[in-house]
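# Examining the three-dimensional arrangement
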Amino acid sequence: MRRFVVGRTKSLVNRYQRSRVLSSTPLLLDSPSSMAAPPSSSHPSPPVTLETINPKVLKCEYAVRGVIVTLAERLQHELQANPGSHPFDEILYCNIGNPQSLCQQPITFFREVLALCDHPAILDRSETQGLFSADAIERAWQILDQIPGRATGAYSHSQGIKGLRDTIAAGIEARDDFPADPNDIFLTDGASPAVHMMMQLLIRSEQDGILCPIPQYPLYSASIALHGGTLVPYYLDEATGWGLEISELKEQLEAAKSKGITVRALVVINPGNPTGQVLSEDNQREIVEFCKKEGLVLLADEVYQENVYVPDKKFHSFKKISRSMGYGGDDISLVSFQSVSKGYYGECGKRGGYMEVTGFSADIREQIYKVASVNLCSNISGQILASLVMNPPKVGDESYESYAAEKDGILSSLAKRAKTLEEAFNHLEGVTCNKAEGAMYLFPRIHLPQKAIEAAEATNTAPDAFYAHRLLHATGIVVVPGSGFGQVLGTWHFRCTILPQEDKIPAIVSRLMDFHKGFMDEFRD
Amino acid sequence: MSPKGLDYETLNENVKKVQYAVRGELYLRASELQKEGKKIIFTNVGNPHALGQKPLTFPRQVVALCQAPFLLDDPNVGLIFPADAIARAKHYLTLTTGGLGAYSDSRGLPGVRKEVAEFIERRDGYPSDPELIFLTDGASKGVMQILNTIIRGERDGILVPVPQYPLYSATISLFGGSLVPYYLEETANWGLDVNNLRQSVAQARSRGITVRAMVIINPGNPTGQCLSEANLKEILRFCYHENLVLLGDEVYQQNIYQDERPFLSARKVMLDMGPPISRELQLVSFHTVSKGYWGECGQRGGYFEMTNIPPQTVDEIYKVASISLSPNVPGQIFLGLMVNPPKPGDISYLKFVTESKGILESLRRRAQIMTDGFNSCRNVVCNFTEGAMYSFPQIRLPPKAMEAARRAGKVPDVFYCLKLLEATGISTVPGSGFGQKEGVFHLRTTILPAEEDMPAIMASFKKFNDEFMEQYEDHRGYSRM
């Protein structure tokens with residue numbers, strides 16, 4: 001019987017959480033922990049402690065920046081303070097899809113336009129022509145003309161600047177060959193807040209369930225926990241390249257219903273994270289039919305739509321698939337999420353993204369708008385970037401060739417790194433790794449010897465975390481244990497990004513192989 | 001056949017309860033009229049740049065350079081960017097690992113948090129710990145995070161001033177908590193009477209509510225009052241004795257228009273009071289780049305600072321922040337620049353100070369113009385805007401107007417504000433959006449329209465108001481045979 005496993009070891013967590021305690025500023029060391037200050041009889045314990053905070057906060061987990069990362073940061077400080085204190089020169093953060101932190105360069109044209117929009121005063125200066133490309137200047141003017149008063153520092157419409165939404169809608173149309181309505185678009189500070197918003201709307205109580213893939217990107221499990229709902233897992237099939245079987249969806253749906261759960265929505269991540277698979281069109285059609293039949297909202301996380309590395313697969317948006325099946329807003333409720341953080345642009349720090357919301361009543365649309373309005377609007381620079389991503393330079397534009405070269409360079413390098421690392425993992429004893437057809441990750445499976453599992457248990461650590469910690473200590477490479485994403489009970493994985501620059505890959509591969517050999521030598525049955 | 005997935009009946013009830021008048025009915029009607037070609041003056045939201053306030057030059061130069069670091073390699077960059085902006089951009093880029101495009105630490109760039117801590121220390125005279133400062137995409141996100149941490153269910157109450165900025169009421173509804181109102185005293189310049197506080201808490205407790213936290217907005221929104229040191233001390237003592245976390249919304253700390261009560265942070269006063277309060281009272285303070293004389297609302301830059309929050313709770317707050325990965329990096333840089341602006345001797349200092357002073361002095365003048373303009377109407381009483389960005393006049397409505405409102409299915413202040421909008425294009429927010437005493441009506445407008453437009457706007461308001469009163473007033477002294 002499969003079970004969703006979230007591995008987390010209390011004592012390990014506690015140990016590392018305490019390592020994040022206050023710095024050594026004298027005054028503040030006097031701050032009470034709930035253990036240090038004895039409660040006086042006239043003054044009961046302070047109101048905000050672990051015992052009295054929102055239990056949903058306690059329940060949620062997010063391994064991508066969890067325990068192992070805290071540990072890595074500590075090792076990094078140790079290295080800085082004392083070079084040579086570890087058997088490696090640097091920490092290599094392969095835990096998070098954060099390309100530019102690992103030296104991926106931003107797309108020049110996008111940054112030119114953003115800089116001009118940040119400081120429009122220079123657009124009137126003749127010297128500006130010498131510093132920026134003509135089409136970037138032109139695009140900046142176009143964008144500024146869509147912003148009332150050219151005021152990029154003003155709160156915009158709560159769905160985002162209308163003109164930018166027009167551009168994005170046109171981009172969606174050009175991509176899908178089906179119309180898109182700017183009024184369906186909500187620009188957000190990255191895709192994550194949009195996901196939170198949908199969970200907030202959908203989840204009324206823990207009787208409401210959301211179907212999520214296992215393995216999944218833990219934003220979903222965390223968000224569901226934070227909003228007090230129930231995650232209903234459906235297992236992707238590792239043996240068939242992380243295939244999504246409709247029979248599995250049906251089975252899990254029925255099982256949830258029999259437990260009194262009302263399943264509200266289905267999350268599909270395509271291309272997948274951490275699994276990297278790109279769904280086939282047939283598969284997508286089955287999913288659409290399933291959602292339509294069962295009355296589920298389809299939450300389509302499509303943030304990796306520009307990261308496809310195999311010639312036999314293509315990204316198709318769920319909107320395109322639904323419309324090509326003849327299904328409109330009356331047939332299916334669909335939310336598509338896109339972000340500026342991934343693709344070839346990798347602009348994580350900008351917090352730009354949107355959700356396209358179709359197939360909901362006017363009532364619901366009003367409510368979505370209302371919730372968005374409480375935060376007023378998303379950051380303007382991120383909004384502008386989202387419009388650039390969905391409407392990049394075209395053939396004939398002055399910047400097109402350099403843009404295309406940058407884009408192709410990044411994408412082909414990503415494909416290469418995906419392949420190299422996949423092969424490296426597959427060469428390790430007891431490790432199998434599915435191909436990364438898309439996205440930014442590899443999710444190898446490690447068949448851990450029994451001795452290793454026992455050693456892990458002896459230190460009160462999940463076996464995949466045990467392996468990941470050993471890997472970190474030996475090589476400086478940071479990966480996220482598979483339990484952070486979910487996996488079939490008794491199987492162990494870790495997620496590793498394909499993002500370190502090409503020149504670092506050979507060293508990573510050789511260090512990994514040396515470490516693994518040593519590990520297996522130590523623990524082989 | 002409509003999809004069953006999510007319809008109004010199956011929507012999260014808490015979402016239905018949320019109200020946020022600042023972008024509610026009046027704003028939507030104003031937007032409609034604007035589309036029809038009517039000239040609208042949007043005074044519904046504290047959004048300075050939308051009303052013509054220019055961004056400060058130096059931060060825009062720095063962020064533009066950070067945005068396009070290849071400019072820094074261009075030998076001609078000095079032709080349009082001053083050397084100190086170039087240097088500062090380089091400095092901020094070294095604080096990042098990967099420039100503006102990489103997720104930072106989920107709490108924000110350590111280097112910027114250090115700048116914030118140093119600012120707080122200069123301002124208050126007490127050291128601040130960067131580890132307890134979290135940067136957020138605007139202060140609103142920080143408020144939501146903290147309230148989400150505190151509120152367990154509907155039995156948890158949060159003390160909120162009435163009138164309040166409706167982020168608080170909306171967020172409490174969204175998270176399923178209870179709003180416990182405490183009334184500010186309009187006749188005492190929107191002063192805070194601790195007896196009102198005690199009464200509110202007692203009433204809430206008698207209803208089975210556990211009061212967990214108290215919100216103060218200082219300077220106030222929509223009311224503008226600046227709390228005195230004595231008042232702050234009373235509040236701090238009150239929170240200490242009642243075991244409440246104090247949430248200090250201090251986003252308007254740069255917007256002070258009188259000299260009697262300069263801004264004092266809750267933290268400073270608390271630390272001045274010494275132990276036990278200084279060591280035990282739990283405090284979270286909020287600030288932003290959206291207000292002050294910066295007005296950079298669109299950047300979504302803000303922070304909260306925690307004092308006396310237990311380390312494990314801080315860790316949990318960190319954990320939730322990490323799910324959204326990081327606040328936007330350009331916004332963080334704006335925040336760094338705000339707390340660490342050009343200094344005397346810097347190339348850009350003079351221009352920066354001239355721009356800043358210009359804005360602040362003008363705001364002060366506009367606060368006065370608006371207060372006086374409202375008070376010149378016989379049925380309007382308006383407290384002076386001591387701080388923040390708003391005017392919150394009380395409009396006395398005659399019975400006939402109330403009746404007309406009732407017939408139109410509108411709350412009286414909404415009715416008045418809609419008429420005002422249709423007649424003059426001035427888009428305000430009815431007082432009911434902020435809370436007010438039963439039977440007393442207000443509207444909130446900002447003091448942000450350009451100074452040269454103010455006289456005309458106030459004249460336009462007065463003309464509308466006088467005509468409205470003419471239409472709805474009961475002429476008692478007038479008899480007809």
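Cut-offs applied
Residues numbered from 1 in each chain as written. Chains lettered and ligands numbered in written order. Predicted model: local features only at pLDDT ≥ 70, side-chain atom pairs only at ≥ 80, totals over all residues. Heavy atoms only, no water. Helix = DSSP H or I, 4+ residues; strand = E, 2+ residues; numbered from the N terminus. Rg over C-alpha atoms; globule rule 2.2 N^0.38 Å. Buried < 20%, exposed > 50% of the residue type's maximum accessible area, 1.4 Å probe, protein only. Contact = heavy atoms within 4.5 Å. Areas by Shrake-Rupley, 256 points an atom, 1.4 Å probe, with all protein chains shown as cover. Lys, Arg positive; Asp, Glu negative; His and termini not counted. Charge placed at Lys NZ, Arg CZ, Asp CG, Glu CD. Pairing = 2+ DSSP bridges. Axes fitted to C-alpha atoms, helices over the stretch in contact; angles between N-to-C directions. Left-handed = near helix turned anticlockwise from the far one by under 90°. Nonpolar A, V, L, I, M, F, W, Y, C, P; charged D, E, K, R; others polar.

## Observations concerning the overall build of chain B
A tally of helices and strands in chain B yields 17 helices and 14 strands. Over its C-alpha trace chain B gives a radius of gyration of 24 Å, about what one expects of a compact globule, namely 23 Å for 481 residues. Projected onto its principal axes, the C-alpha positions of chain B cover 85 × 65 × 55 Å. Evaluated residue by residue, chain B yields a buried proportion of 66% over its 481 residues. Partitioning the contacts of chain B with sequence separation of at least 6, the portion at a separation of at least 24 is 73%. Accessible surface computed for chain B: about 17,200 Å², of which carbon and sulfur atoms make up 53%. Looking at charge distribution, chain B has the averaged site of its 52 positive side-chain charges lying 3 Å from that of its 52 negative ones.

## Here we look at the pairing of strand 14 (residues 494-497) of chain A
Residues and elements named next belong to chain A. Judged by which residues are buried, strand 14 turns out to be covered on both faces: Phe494 and Cys496 on one side and Arg495 and Thr497 on the other are all buried. When strand 10 (residues 441-442) meets strand 14, the two strands line up antiparallel, connected through 2 bridges. By the bridge assignment for strand 14, Leu442 is matched with Cys496. Two elements, strand 13 (residues 480-481) and strand 14, share 2 bridges in a ladder whose sense is antiparallel. The residue of strand 14 that forms the bridge with Pro481 is Phe494.

## Some words on the packing of helix 3 (residues 57-67) of chain B against helix 13 (residues 329-339) of chain B
Residues and elements named next belong to chain B. Viewed as axis vectors pointing N to C, helix 3 and helix 13 meet at an angle of 145°, and their least axial separation amounts to 10 Å. With respect to the hand of their crossing, helix 3 and helix 13 are arranged in right-handed fashion. Between helix 3, through Phe58, Pro59, Arg60, Val62, Val63 and Cys66, and helix 13, the contact on the second element is made entirely by Pro330, Ile333, Phe334 and Leu337. Here the residues of the contact of helix 3 with helix 13 sort into 9 nonpolar, no polar and 1 charged.

## A look at the sheet that holds strand 3 (residues 156-162) of chain B
Either a parallel or an antiparallel arrangement is found when strands of a sheet pair, and the pairing is made through backbone hydrogen bonds. Residues and elements named next belong to chain B. One open sheet accounts for 7 strands, arranged 2-8-7-6-5-3-4; its pairing is mixed. Edge positions in the sheet fall to strand 2 (133-136) and strand 4 (178-183), since each of these pairs with one other strand and no more. Averaged over all adjacent pairs, the angle separating strand axes in this sheet is 20°, with direction ignored. Its contacts with the sheet put helix 8 (residues 194-206) on strand 3, strand 4 and strand 5 (210-217), and the angle it makes with strand 4 is roughly 150°. Helix 9 (residues 229-242) contacts strand 3, strand 5 and strand 6 (245-249) of the sheet and is inclined by roughly 165° relative to strand 5.

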